[in-house]
Amino acid sequence: MKIEHSEVIIIGAGAAGLMCALNAGYRGRQVRVLDHARQAGRKILMSGGGRCNFTNLNATPANYLSANPHFCISALKRYRPQDFVELVDRHGLEYHEKSPGQLFCDHSSKDILAILLTECEWAGVDIQLQTSIEQVHFDGQRFILDSQRGRYSCDSLVVASGGLSIPTMGASGFGYDLARQFGLEVLPVRAALVPFTLQPEQKALYAPLSGLSTEVEVHCRGKSFREPMLFTHRGISGPAMLQISTYWEAGDSLSIDFFPGQSAFELFKLGRQQHPRAQLSTLLSQLLPKRLGQTLAEQLDARHELQSYSDQRLKELAERLHSWQIKPGGTEGYRTAEVTLGGVDTRALSSKTMAVNALPQLYFIGEVVDVTGELGGYNFQWAWASAVAAAQAV
């Protein structure tokens, strides 16, 4: 059987794979990208609600979770958010800063994918889609890849196949299987940046609030995020919940502050002073979104006139609203998760090149690696930075 040889083969035509390909191509390397999907960059297209939050200007290693937290430092330091901004500026991309540091396309995620594909074309990269890899082996000098479309070989192999999140986009555990085949440990994986589902009792309580959003501060396992929270017909979502889901573990309760940056006790006292005969439930419906205020008031049995509450009782009720307990039943899983937590153990990789220490011709980049960013463009920045680190070495 004829073997088509390339100096570098990259498995995966997503953010990390395309970024690695174009940078390696500009170094003069002969690069082939293989992907089983019909379209390159499908996850890029759906990200950020179709607007692609392509980086975060404030990205630091502290925004990433890993069993080996120092691993990401080198790559992030050498390829900064400003470097990617320079790339998109050269293409005239129109973008905006939605929240501090978070950069989104003005028009469509298609613009980011178009930039990457254009750069790949300029760099002479060969992108081959609808090519599923069936088997990979290393003969001591080069990698041999068997697919339903033929056999390929390469001197350097880069695995940029992503994680398990959003299987409808073609996500699979291929990268993890390949890592295990070559003797690497794969740390336990689970869905991250994902909405929560609630157990039947709490689901019945909060489902009528579906579609309602309010700013909260959520706490779990020593981490906290102040962001909007969204009630859904199945549970709770929104940026606050997606952020904390990365740190949450099954069985944990979430502590939710419905009055972030404020003192509910002082607000209650002021309300009692101004409208002593008003019910506390009425005041809650004014201080919070009406339906939320009513629901919480029912849980607190806050149907009495404000003048009937002592300072001590108001303080107790305020404390509950600053640390409201919700115990999720689980998450929506990989179906809607933005990323996969865990993955290829980075202790087996070079933090400078992303190469496997025991087999330097093999590289792992992007989501397949045990480096997971917070919500807000951090995971794209890891894709770009890890891709460039590998591209400079292949």
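All residue numbers refer to positions counted from 1 along the written sequence of the respective chain. Given that this is a predicted model, residues contribute local features only at a pLDDT of at least 70 and side-chain atom pairs are listed and counted only at 80 or more, while totals for whole chains, interfaces and linings are drawn from all residues. Here the side-chain values reflect all heavy atoms present in the structure, with hydrogen atoms and water set aside.

Focus on the UniProt feature "domain: RsdA/BaiN/AoA(So)-like Rossmann fold-like" (unreviewed entry) in the chain
Mapped onto this numbering, the UniProt entry annotates "domain: RsdA/BaiN/AoA(So)-like Rossmann fold-like" (unreviewed entry) at residues 7-392. End C-alpha atoms of residues 7-392 are separated by 14 Å, and the span's content is 32% helix alongside 27% strand. UniProt positions are given in the numbering used here, feature names are shortened, and annotations may be inferred rather than shown by experiment. Starting at the N terminus, helices and strands are each numbered in turn, a helix being any DSSP run of H or I of at least four residues and a strand any DSSP run of E of at least two.

With respect to the UniProt feature "domain: RsdA/BaiN/AoA(So)-like insert" (unreviewed entry) in the chain
Within the UniProt annotation, "domain: RsdA/BaiN/AoA(So)-like insert" (unreviewed entry) is assigned to residues 190-339. For residues 190-339, helix accounts for 38% and strand for 25%, while the C-alpha atoms at its two ends are 9 Å apart.

Some points on the packing of aromatic side chains
Between 30 and 60 degrees the pair is tilted, below 30 it is stacked and above 60 it is edge-to-face, where a pair is any two Phe, Tyr or Trp rings, Trp via its six-membered ring, whose centres lie within 6.5 Å. Applying the stated criterion across every chain yields a total of 13 aromatic pairs. With a centroid separation of 6.2 Å and 85° between ring planes, the pair formed by Y64 and Y378 is classed as edge-to-face. With a gap of 314 residues between them, Y64 in strand 4 (residues 64-65) and Y378 in helix 13 (residues 378-391) connect regions that are remote in the sequence. Exposure classes here rest on a 1.4 Å probe applied to the protein chains alone. A residue is buried below 20% of its type maximum, exposed above 50%, and partly exposed in between. The buried category is assigned to Y64, whose relative accessible area is 8%. Here F138 and F143 contribute two aromatic rings whose centre-to-centre distance is 4.7 Å and whose plane-to-plane angle is 45°, an arrangement assigned as tilted. Since its relative accessible area comes to 0%, F143 is described here as buried. Linked through ring pairs, F54, F84, Y95, F380 and W384 together constitute an aromatic cluster.

Some words on the sheet that holds strand 3 (residues 53-56)
Two strands qualify as a pair provided that DSSP identifies no fewer than 2 bridges between them. With respect to topology, three strands assemble into an open sheet ordered 3-6-5, the strand pairing being antiparallel. Looking at strand neighbours, the two that pair on one side only are strand 3 and strand 5 (95-97), the edges of this open sheet. Geometrically, the sheet is characterised by an average inter-axis angle of 25° between neighbouring strands, direction not taken into account. For strand 5 and strand 6 (residues 102-105), the ladder comprises three bridges, and the chain directions are antiparallel. Among the inter-strand pairings, E97 is bridged to a residue of strand 6, identified as L103. Throughout, a residue-residue contact means that at least one pair of heavy atoms, one from each residue, lies within 4.5 Å. To obtain an axis, a line is fitted to C-alpha atoms, over the contacting stretch when the element is a helix, and the angle between two such axes runs from 0 to 180 degrees between their N-to-C directions. Across the sheet, helix 4 (residues 81-90) touches strand 3, strand 5 and strand 6, and the angle it forms with strand 3 is around 140°.

A look at helix 4
Of all the residues in helix 4, the buried ones are P81, D83, F84, V85, L87 and V88. A positive backbone phi angle near 70° is found at G92, which sits one or two residues after helix 4.

Brief notes about unusual backbone geometry
Look at L193: it is not a glycine, yet its phi comes out positive at around 50°. A residue is classified by how much of its surface remains accessible, and L193, at 1% relative accessible area, is buried.

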